[in-house]
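Descriptive structure summary
What follows is the residue order along each chain.
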Amino acid sequence: MAHGAQAADLGALRQQYRHDKAALLAELGVQGSSTRGVHKALRQLSHLTDRTLRELWSRANLGPGISLVAVGGFGRGELFPYSDVDVLVLLPDGSSPETDAVLKAGLEGFIGACWDLGLEIGSSVRTIADCVEEASKDVTVQTSLLECRLVCGGKQAFTSLVGQLAEAMDPKAFFVAKTLEMRQRHHKFENTPYSLEPNCKESPGGLRDLQIILWVSKAAGLGRSWDELARKGLATPLEARQIKANESLLTLIRARLHLLAHRREDRLVFDLQTAVAESFGFKAQAPAEPGPNARGTRRASEALMKRYYWAAKAVSQLNQILLLNIQERLQSDVAGVDRLRPLNERFFDKGGMLEVANDNLYVQQPHAILETFHLYQTTVGIKGLSARTLRALYNARPVMNARFRADPVNRARFLQILQEPEGITHAMRLMNQTSVLGRYLWVFRHIVGQMQHDLFHVYTVDQHILMVLRNVRRFFIAEHSHEYPFCSQLAAGWDKPWILYIAALFHDIAKGRGGDHSDLGARDVRTFCRQHGIAREDTKLIQFLVAEHLTMSRMAQKEDLSDPDVIAAFAKRVGNERYLTALYLLTVADIRGTSPKVWNAWKGKLLEDLYRYTLRALGGRAPDPGAVIEGRKREALSMLALHALPHMAHKALWDTLDVSYFMRHQADEIAWHTRVLSRQIAQQRQADAKAAAKSDPDAGSPVAPDKCIVRARISPDVEGLQVLVYASDQSDLFARICGYFDSSHFSILDARVHTTLTGHALDTFQVVAPDMSEHYRELIAMVENNLARTIDERGPLPTPVKGRLSRRVKSFPVTPRVDLRPDDKAQRWLLSVSASDRAGLLYGISRVLARYEIGVQLAKVTTLGERVEDTFLISGAQLQVNKRQIELETELLETLEG
């Protein structure tokens with residue numbers, strides 16, 4: 001065919017393709033909220049693209065042995081209006097366009113024609129061997145090929161590819177890789193489906209969370225559709241219907257986004273929310289009746305977003321249920337995995353997951369619903385709810401009615417959850433994730449998925465409330481004292497933290513009703529306190545906090561704090577030191593909970609200045625430092641006086657320590673550290689000064705600058721030794737110490753790692769050895785000498801020796817888990833691991849961290865019988881790269897699995 005005729009023919013094909021696509025897009029863009037037909041329209045777009053590709057392929061005349069394969073989203077047979085058309089040109093092994101000029105020209109002509117026609121083509125050219133090799137190295141490629149389908153060309157090569165990919169597939173490894181990838185993706189979107197501008201494809205609760213279920217089920221041969229998963233018992237018929245309904249809604253939203261943006265756009269950005277809402281038929285609504293209790297004008301976008309958030313929340317719940325079910329099915333061939341340990345007659349511990357005794361427990365015993373979260377909160381080693389429990393809660397929603405909310409047993413249990421010393425944030429978040437919190441606190445249900453249209457809140461109202469609750473809770477946790485030390489000091493002297501927790505839960509609970517949400521929330525919390533039997537004085541304080549939760553922020557940022565009248569008026573408003581301290585803590589937590597970018601040091605200084613000025617006006621005295629810390633310091637100094645330590649000698653060490661050190665160590669430990677280190681530090685400073693004065697590089701000193709200090713003593717409270725290490729900090733120091741203890745057959749029970757302001761590691765370890773009953777002096781001398789030598793030599797880290805598992809661990813193995821997330825300031829990371837205990841496990845973990853140049857700043861090592869639950873505060877450049885994070889987590893999982 002002549003070139004002019006080819007161009008004309010291609011032009012006609014282009015015109016036909018655009019005409020047919022426009023007709024399909026017009027049908028897809030028909031106004032209305034019905035999701036019926038959305039999948040059919042996307043399949044028709046895919047079929048139209050298939051037909052066009054076949055026509056172009058036939059014209060390219062590339063030969064019978066070459067295949068055109070649809071991969072990725074296009075491989076699923078559904079194509080969104082402006083999504084890429086991902087294809088693989090599959091060559092027989094031995095073929096290469098680099099050596100075959102005719103083949104190269106044909107491929108370039110085909111791909112060029114695709115672009116000329118208007119297809120957003122994404123192409124790769126590989127042989128079968130190339131595909132198998134790339135899939136083995138990259139889980140993204142493996143996933144894309146998992147959904148491949150033949151468009152046209154040679155069937156033999158395609159069939160061979162599918163067979164080889166299936167043969168190479170390791171379902172368990174694929175499951176681990178995809179779940180780690182999902183967690184990284186969730187972290188990228190702040191681990192919440194409630195972003196104000198969510199990505200309906202990638203955000204938690206988006207379409208990708210549904211696709212991952214089908215990917216891992218296909219890889220394991222468990223099913224390729226929701227109906228098939230239901231038939232095989234991995235999903236109930238109700239869950240399958242709920243998934244399909246929410247999938248259709250999210251699919252329609254994404255398709256409408258593409259149509260309205262006239263490009264690929266998967267984010268529900270503010271600019272498009274109203275247009276998408278109106279395409280669904282939503283309209284702005286004015287309040288039906290004026291008055292303080294009337295709801296304000298509701299934007300069309302609010303109705304759409306609330307519908308989206310509820311769908312995303314359901315998807316998140318169902319994603320968790322089905323992935324847990326698939327994981328259990330994949331592990332069913334491992335003998336003794338996650339056996340049931342009875343907790344009471346209603347619940348079991350199933351490998352760290354809380355399991356209901358029967359599927360109808362909550363329908364038969366509604367009191368067990370809130371008991372679930374109390375057990376989750378208080379039972380050591382329970383890290384989540386099993387698939388069976390999540391499913392039972394999902395199906396028990398009708399039981400949580402007005403009668404359930406008014407039940408005195410349930411009211412007492414809910415208050416008990418808030419008054420526990422630990423686990424409040426996790427319990428409340430889990431209650432919200434499972435829709436229990438909104439069904440028990442009916443006023444909370446109204447703000448689930450409620451948007452906040454301002455420039456600083458980046459969360460929906462319910463997520464903001466839970467973020468504030470988390471922030472308040474962190475003030476009372478020593479591990480987080482480095483984030484906001486003054487708040488931690490104040491919290492250390494506070495007697496009833498639950499008062500602040502309730503205030504946090506209710507401070508914004510009346511958002512979106514119209515009127516002053518502070519006043520309306522104060523009424524709601526007064527009702528709550530009355531119903532739950534809270535004492536009158538405590539009720540008054542809680543009601544004050546909710547009503548005034550915006551006051552201190554406004555005063556600090558907008559009033560002249562140098563004006564005595566301003567301070568006097570504020571002091572009169574708060575009334576006393578107790579009310580002032582509570583309001584200050586709630587205010588800091590509230591501002592921090594609006595957005596990571598809102599809080600800054602200046603706001604903190606203004607609030608702290610207002611607190612201190614007001615405290616003086618009230619006649620009180622600010623705890624500077626906190627009463628608990630001051631008490632520990634005084635007690636430590638009294639102990640030091642018994643050892644004739646010179647006056648002020650403690651300052652050499654204490655001036656290098658921050659608040660978190662004193663919160664993590666008891667007075668006798670502080671005194672011991674000070675007695676050991678103060679004299680050594682002072683001697684070192686004198687030697688350094690003498691050497692500098694003499695300008696003599698050979699000047700000696702009692703302690704060489706590069707040498708560490710190791711001291712050990714018999715633990716005052718428990719069996720074993722306490723070991724103190726003071727050395728210049730280095731990324732592999734923690735691993736080196738753990739390696740020594742491992743090789744010397746010591747078991748580490750606890751490790752508290754601290755970095756001083758001068759860059760030194762001050763680490764305390766609690767260790768035991770098999771023969772601790774005798775020879776303490778010999779053991780102490782051995783540890784002090786050999787550990788110091790090991791640290792100073794700084795040789796290569798020894799290869800870890802795989803410890804033997806106990807018989808109990810072999811019979812009741814714990815499913816390893818790794819959780820890595822940034823701390824509140826995104827400057828450091830919190831790493832949590834759990835696994836069956838064995839000798840050398842901690843060293844194996846620390847060695848992995850050292851290999852990635854991860855520095856350990858704080859560590860909390862907990863051994864619970866045969867299970868370890870370790871938490872590390874870490875930092876390192878590698879943590880800023882998502883791919884390296886996944887590699888780190890994967891290697892840690894491999895280490896935990898042994």
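In this report, we go over the structure that sits alongside the text. (Residues numbered from 1 in each chain as written. Predicted model: local features only at pLDDT ≥ 70, side-chain atom pairs only at ≥ 80, totals over all residues. Heavy atoms only, no water.)

1. A word on the overall build of the protein chain
We count it as follows: In this text, helices come from DSSP runs of H or I with a minimum length of four residues, and strands from runs of E with a minimum of two, each type numbered from the N-terminal end. By definition in these notes, contact holds between two residues if any of their heavy atoms fall within 4.5 Å. With residues, only the protein chains shown are counted as cover, and all accessible areas are computed by Shrake-Rupley using a 1.4 Å probe.
A count of helices and strands for the protein chain gives 39 helices and 16 strands. Sequence-distant contacts in the protein chain: of pairs separated by 6 or more residues, those separated by 24 or more amount to 72%. Carbon and sulfur atoms make up 51% of the accessible area of the protein chain, which amounts to about 39500 Å² in all.

2. A closer look at unusual backbone geometry
Operational definition: Type-normalised accessible area, obtained with a 1.4 Å probe on protein chains alone, sets the label of each residue: buried when under 20%, exposed when over 50%, and partly exposed for intermediate values.
A positive phi angle, near 65°, is found at histidine 745, a position not held by glycine. Looking at where histidine 745 falls in the secondary structure, it is placed in the loop between helix 35 (733-743) and strand 11 (747-755). On the basis of relative accessible area, histidine 745 is assigned to the exposed category, the value being 59%.

3. Structural notes on the sheet that holds strand 3 (residues 121-127)
Definition in use: By definition, two strands form a pair when at least two bridges between them are found by DSSP. Lines fitted to C-alpha atoms define the axes here, with helix axes fitted over just the stretch in contact, and angles between the N-to-C directions of these axes take values from 0 to 180 degrees.
The strand order across the open sheet formed by four strands is 3-2-1-4, and the pairing between neighbours is mixed. Strands with a single pairing partner mark the edges of an open sheet, and in this sheet they are strand 3 and strand 4 (149-153). Across the sheet, the axes of successive neighbouring strands diverge by a mean angle of 25°, strand direction being ignored. In terms of strand pairing, strand 1 (residues 67-70) meets strand 2 (residues 85-91) through four bridges, oriented antiparallel. Across the sheet, alanine 70 pairs through a bridge with valine 87, a residue of strand 2. With respect to the sheet, helix 4 (residues 101-117) is in contact with strand 1, strand 2 and strand 3, its orientation differing from that of strand 3 by roughly 160°.

4. Side note on the packing of helix 24 (residues 497-506) against helix 29 (residues 577-592)
The condition that has to hold: With respect to orientation, any angle under 35 degrees is reported as roughly parallel, any angle over 145 as roughly antiparallel, any angle of 65 to 115 as roughly perpendicular, and every other angle as oblique. A clockwise turn of the near helix away from the far one marks a right-handed crossing, whereas an anticlockwise turn of less than a right angle marks a left-handed crossing. Side-chain classes follow a simple rule in which Ala, Val, Leu, Ile, Met, Phe, Trp, Tyr, Cys and Pro form the nonpolar group, Asp, Glu, Lys and Arg form the charged group, and the remainder, Gly included, forms the polar group.
At a minimum axis separation of 11 Å, helix 24 and helix 29 run at an interaxial angle of 50°. The pairing of helix 24 with helix 29 is recorded here as oblique in orientation. Along this stretch, helix 24 crosses helix 29, giving a crossing that reads as right-handed. Touching Ile499, Leu500, Ala503 and Ala504 of helix 24 are Arg578, Ala582, Leu585 and Leu586, all from helix 29. Tallied by class, the residues present in the contact of helix 24 with helix 29 amount to seven nonpolar, no polar and one charged.

5. What about the environment of cysteine 148?
Among the secondary structure elements, cysteine 148 is positioned in the loop between helix 6 (139-146) and strand 4. Its relative accessible area of 14% is what places cysteine 148 among the buried residues. Spatially, the C-alpha atoms of cysteine 148 and valine 71 are 4.4 Å apart, while their sequence positions differ by 77 residues. Not counting chain neighbours up to four residues away, the residues in contact with cysteine 148 comprise Val69, Ala70, Val71, Phe158 and Val162.

6. Topic: the pattern of salt bridges
The cut-off we apply is this: Salt bridges, as used here, are contacts in which a Lys or Arg side-chain nitrogen is within 4 Å of a carboxyl oxygen on Asp or Glu.
Inspection of the entire model under this criterion finds 41 salt bridges. Salt-bridge contacts for glutamate 202 lead to arginine 185; the nearest nitrogen and oxygen are separated by 3.9 Å. Of this pair, glutamate 202 sits in the loop between helix 8 (171-188) and helix 9 (207-219) while arginine 185 is found in helix 8, placing the two residues 17 residues apart along the sequence. Take glutamate 202 and arginine 185: they sit in the same class, and that class is buried.

7. Points about the packing of aromatic side chains
The test is simple: Only rings of Phe, Tyr and Trp enter the pairing, Trp through its six-membered ring, and a pair is recorded when the two centres are within 6.5 Å. The plane angle decides the type: under 30 degrees is stacked, over 60 is edge-to-face, the rest tilted.
Inspection of every chain in the model, using the stated rule, returns 20 aromatic pairs. Pairing tyrosine 308 with tyrosine 309 gives two aromatic rings, centres 5.7 Å apart and planes at 70°, and the pair type is edge-to-face. Exposure remark for tyrosine 309: the relative accessible area of 0% places this residue in the buried category. With a centroid separation of 5.6 Å and an interplanar angle of 75°, the aromatic rings of phenylalanine 486 and tyrosine 611 are classed as edge-to-face. Of this pair, phenylalanine 486 sits in helix 23 (residues 485-492) while tyrosine 611 sits in helix 30 (residues 601-618), and the two are 125 residues apart along the sequence. Taking the relative accessible area as the measure of exposure, phenylalanine 486 reaches 8% and is therefore buried.

8. A closer look at the nonpolar core
Basically, it comes down to this: Among buried residues, the Ala, Val, Leu, Ile, Met, Phe, Trp, Tyr and Cys ones that are joined through side-chain atoms within 4.5 Å form a nonpolar core.
Among the nonpolar cores identified, the biggest contains 185 residues, and Leu53, Tyr362, Phe414, Met428, Ile502, Leu545 and Tyr584 are the most heavily contacted of them. Among all residues touching leucine 53, those that are not within four sequence positions of it are Leu68, Phe74, Val85, Val87, Phe110, Cys114, Leu119, Ile121 and Val151. In this structure, Ala712, Ile748, Val783 and Phe872 belong to the second largest nonpolar core, which totals 56 residues.

9. So, the pairing of strand 6 (residues 347-350)
One ladder, built from three bridges, connects strand 5 (residues 340-342) with strand 6; its direction is antiparallel. Across the sheet, proline 342 pairs through a bridge with phenylalanine 348, a residue of strand 6. Where strand 5 folds back on strand 6, the antiparallel hairpin that results is connected by four residues. Inspection of the sheet shows strand 6 paired to strand 7 (residues 353-356) by four bridges, in the antiparallel sense. Residue aspartate 349 lies in a different strand from strand 7, and its bridge partner there is leucine 354. The loop that links strand 6 with its antiparallel partner strand 7 comprises two residues; one of these, glycine 351, has a positive phi angle of about 60°.

10. Concerning the packing of helix 15 (residues 367-378) against helix 18 (residues 408-419)
Helix-helix packing is described using two parameters, namely the angle between the two axes and the distance between the axes. Helix 18 packs onto helix 15 with a crossing angle of 15° between their chain directions and a minimal axis gap of 9 Å. Between helix 15 and helix 18, the angle is such that the two are roughly parallel. Judged by the sense of rotation from one axis to the other, the crossing of helix 15 with helix 18 is left-handed. Contacts from His367, Leu370, Glu371, Phe373, His374 and Gln377 in helix 15 reach Val409, Asn410, Arg413, Phe414, Gln416 and Ile417 in helix 18. Its residues placed into classes, the contact of helix 15 with helix 18 shows five nonpolar, five polar and two charged.

11. Focus: helix 29
The following threshold applies: One less than the residue count of a helix, multiplied by 1.5 Å, gives the span that helix is expected to have. We define a polar contact as two N or O atoms separated by no more than 3.5 Å, with the added condition that, inside protein, one atom must be a possible hydrogen donor and the other a possible acceptor, whereas residues neighbouring each other in sequence contribute only through side-chain atom pairs.
In a regular helix each residue adds 1.5 Å, so 16 residues correspond to 22 Å; helix 29 covers 23 Å between its end C-alpha atoms and thus fits that length. Counting buried residues in helix 29 gives 14 out of 16 residues, a clear majority hidden from the surface. Between a side-chain oxygen at the N-terminus of helix 29 and the backbone nitrogen of arginine 578 the separation is 3.1 Å; the capping residue is asparagine 576.

12. A closer look at the sheet that holds strand 5
Backbone-to-backbone hydrogen bonds pair the strands of a sheet. The strands run either parallel or antiparallel. The strand order across the open sheet built from four strands is 5-6-7-8, with neighbouring strands paired in mixed fashion. A single partner strand is all that each edge strand has here, and the edge strands are strand 5 and strand 8 (384-385). Where helix 16 (residues 387-395) meets the sheet, it contacts strand 7 and strand 8, and its direction lies at approximately 55° from that of strand 7.

13. Here's the deal with the side chain of histidine 665
Mapped onto the secondary structure, histidine 665 falls in the loop between helix 33 (659-664) and helix 34 (667-694). With relative accessibility at 1%, the residue histidine 665 sits in the buried group. Excluding residues that lie within four positions of it along the chain, histidine 665 makes contacts with Arg632, Ile670, His673, Arg752 and Thr764.

14. Some details on the environment of glycine 75
Mapped onto the secondary structure, glycine 75 falls in helix 3 (residues 72-75). Residue class for glycine 75 comes out buried when judged on its relative accessible area of 9%. Residues glycine 75 and valine 87, spaced 12 residues apart in sequence, show a C-alpha to C-alpha distance of 8.2 Å. Residues within four places of glycine 75 in sequence aside, it is in contact with Ala70, Glu147 and Arg149.

15. Some thoughts on the side chain of histidine 482
By the secondary structure assignment, histidine 482 is in the loop between helix 22 (461-475) and helix 23. One polar contact links the side chain of histidine 482 to the main-chain carbonyl oxygen of glutamate 479, over a distance of 3.2 Å.

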